[in-house]
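Fold and geometry: a report
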Amino acid sequence: MENTFTINGKQCRVTLDSTGLSWSVQDSSHGKFRVPAAEVISCWSCPKGSLKCCPRQEENLTNYPENEGLTSEDNESKLSTISTTSNSLLPGSNSGFHYGTTERNNTSQCESNAGLSTDKQHSTVAPSSIPNAHGEKSNDDSSCRLKERFTGLPFKDCVHSKKLNKTPALAVEICERVLPSSLLRGCCSGDGEVMVTTWKSRVLVLQHEATDTVSSWLKALWEVVTGSPARPRHLLVLVNPVSGSKTSEKLYNLRVAPFLHRAGIRVTLRKTTHSGHAGELAAEAAMESDVDGVVTVSGDGTFAEAITGLMRATASQLGVSIDDKNTAFPKISVTLGLIPSGSSNVYMTSCHGTEDVTTAVLQIIMGMCRSMHLGGVYEQDKLVHVSTLGLHVGYLAGVLETSSTLRHLGPKREIVGGVKEFFLNRSYECEVRYLAEENVRDLLHLDEPECQAACLACHASSTQVNTRHSQGKWVQAKGVYNSIAMNMVRAECKYSKYGLSPMCHVNNGYCDVVLVPKLSRLRLLLRLYRQSSTKDHVTKALVQAFRTSELHCRILTQPSPVSCDGELRYYPEFVLKMHRHCLPVYSRGREPLSTLDMSTLTNYFK
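A few points on the structure. Predicted, not measured: the structure shown is a model, and the values here were computed from it.

Attention now goes to the pattern of salt bridges. Oppositely charged side chains can form a pair if their charged atoms are brought close together. This model, assessed by the stated rule, comprises 19 salt bridges. Of the charged contacts, one joins Asp323 and Arg312 as a salt bridge, the two residues approaching to 4.0 Å between their closest N and O atoms. With Asp323 in the loop between α6 (300-318) and β14 (335-340) and Arg312 in helix α6, this pair connects stretches of sequence that are eleven residues apart. When its relative accessible area of 27% is taken as the criterion, Asp323 is described as partly exposed. The closest approach of N and O atoms between Glu421 and Arg426, which form a salt bridge, is 2.8 Å. Among the residues examined, Arg426 registers a relative accessible area of 30% and is labelled partly exposed. Connected via shared salt-bridge partners are Glu450, Arg490, Glu492, Lys535 and Arg590.

Moving on, we get to the sheet that holds strand β1 (residues 2-7). Pairing between the strands of a sheet is mediated by backbone hydrogen bonds and can be parallel or antiparallel. With antiparallel pairing, the seven strands of this open sheet are ordered in space as β4-β3-β2-β1-β10-β8-β5. Of all the strands in the sheet, the pair left with one neighbour each is β4 (33-36) and β5 (40-45). The average undirected angle you get between the axes of adjacent strands in this sheet is 30°. Relative to β5, helix α3 (residues 211-226) is tilted by about 160°, and along the sheet it contacts β1, β2 (10-17), β3 (20-25), β5 and β8 (169-177). Across the sheet, helix α8 (residues 357-366) is in contact with β5, β8 and β10 (199-207); its angle to β10 comes to roughly 60°.

Moving on to a nonpolar patch on the surface. On the surface, Ile415, Val419, Phe423 and Tyr495 cluster together into a nonpolar patch covering about 380 Å² of accessible area. We classify Val419 as partly exposed; its relative accessible area is 44%.

A few words now on the packing of helix α5 (residues 277-286) against α6. Remark: α5 packs on α6, axes separated minimally by 7 Å, with the N-to-C direction vectors making an angle of 40°. Overall, the two elements α5 and α6 adopt an arrangement that is oblique. Crossing of α5 over α6 shows right-handed handedness. Two secondary-structure elements touch here, α5 through His277, Ala278, Gly279, Ala282, Ala283 and Ala286 and α6 through Thr302, Glu305, Ala306, Gly309, Leu310, Ala313 and Gln317. When grouped by side-chain class, the residues that make up the contact of α5 with α6 number seven nonpolar, five polar and one charged.

About the thresholds
Residues numbered from 1 in each chain as written. Predicted model: local features only at pLDDT ≥ 70, side-chain atom pairs only at ≥ 80, totals over all residues. Heavy atoms only, no water. Salt bridge = Lys/Arg side-chain N within 4 Å of Asp/Glu carboxyl O. Helix = DSSP H or I, 4+ residues; strand = E, 2+ residues; numbered from the N terminus. Buried < 20%, exposed > 50% of the residue type's maximum accessible area, 1.4 Å probe, protein only. Pairing = 2+ DSSP bridges. Axes fitted to C-alpha atoms, helices over the stretch in contact; angles between N-to-C directions. Contact = heavy atoms within 4.5 Å. Patch = residues over 30% accessible without salt bridge, like charges linked within 9 Å, V, L, I, M, F, W, Y side chains within 5 Å. Areas by Shrake-Rupley, 256 points an atom, 1.4 Å probe, with all protein chains shown as cover. Parallel < 35°, antiparallel > 145°, perpendicular 65-115°, else oblique. Left-handed = near helix turned anticlockwise from the far one by under 90°. Nonpolar A, V, L, I, M, F, W, Y, C, P; charged D, E, K, R; others polar.

Listed below in structure tokens is the structure:
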């Protein structure tokens, strides 16, 4: 479709096809601006572009469903789709914009609906079919795509259209990268070392004199948006109300739910009530064929619980025994997402490069997905934990042990724990055995590029099997250590600007290990300063650092706490085994400016 609209007071020639929306300003030398279909959040009719006029914005998730379980008789419809055969106009609505519901083929994981499951009875509102961009209705049930039905024109009842008597217009909410301000001012040309990590939303208003034109474009654009193959249709959202500052519920209602509603994504909302509950709920969701993703509004610990539950459920479905460390982890069939509401939010920051909530939500809506590796933690030949961040023995585990008793202080408890552990300056006698592979260099001499979007190191790993069988030798290290860090991601957070392991990758199948020997308080203070503010703290410190796919650790000083993804454990002896390409996560990663086509970005359209 192609037509002329007025956007921001400029006459623009706008084109809409199955790949997205593009436009060029008439009588301008600038090329076409382009928004891919996946980056369109929603569309509605409002001459002012007000979010309040979006008919889906009126829905609001404020109540939690009962937590008896997803498979109980009272809640058996929580993760299912209501089907209907009615094509009539739904009466009694003030918005003039209505959704029907659509049938789902349970054998296909591609099909799901984009309504909302909101109240205690889990009433669902899901879209049906609309005419396509050519004005024809599609009856292709094998396309695995969501089809919307528009039974009313929302601009007719828009308050701004009535009171202001303005020209009918199409409001389009899009996702937009946050670029460096100096680049937008034209002060720099863009350096490949500068990374783009943050996203924001923006509303564009396309004005046209003809009401029928706005109506047809509204229908066609929503079909294109819901036809995006990457876009999730049904999400299970797990909220941990006690994570971080205990503001997860408020965070979800104010900053997450409105985006999901406007995007037309059907949500099943659950609240965790006890330790391990997230894993139980995620495992039950894995049994449902219409759940596209599991999203946790929590810290790193609840996210790791959900992954452990999904991994065990996936292995059970495939008949795989993951208690054997020589057995490769299967790939989880459900994509994971994380909305950060914890104290440190290490995993979120390491994946996205930022802990911005809006960025996390938009990447879920866009369906940006990449594979991550996982670590299996085994004790006495049994899998006891599935790790996403890594394990820490010594200083950081001691901080966690202290802070876990001070949860009433909120995020401040970590500072209190850090100060206490610094003055105690404890050390632990440990014995470490690791597999040193021939093709892996020492961490102290790495000069490879850091992990980013479309990372070559991680992409090469994803095309191979998930466990390593490279030739190598076992190396043993024994001594008294201040800390042992086994990092599976960069481990960035507000306490470490560049991360505990700045060169770590998210899917290369290796764990970066840093052994810090016993230090005096002065040397420990210097190390903590470098670790918090410099990128070369690993290479310029008196530490032993290496990269391995399997590690055996025996802690001789007992009792000794172990931090597993921010959760406190006590393992006197354990094995960490890496598994690649088994965790799909909603994440884009850091994007170097040099990889972006600046001429098409909407940031330059004012």
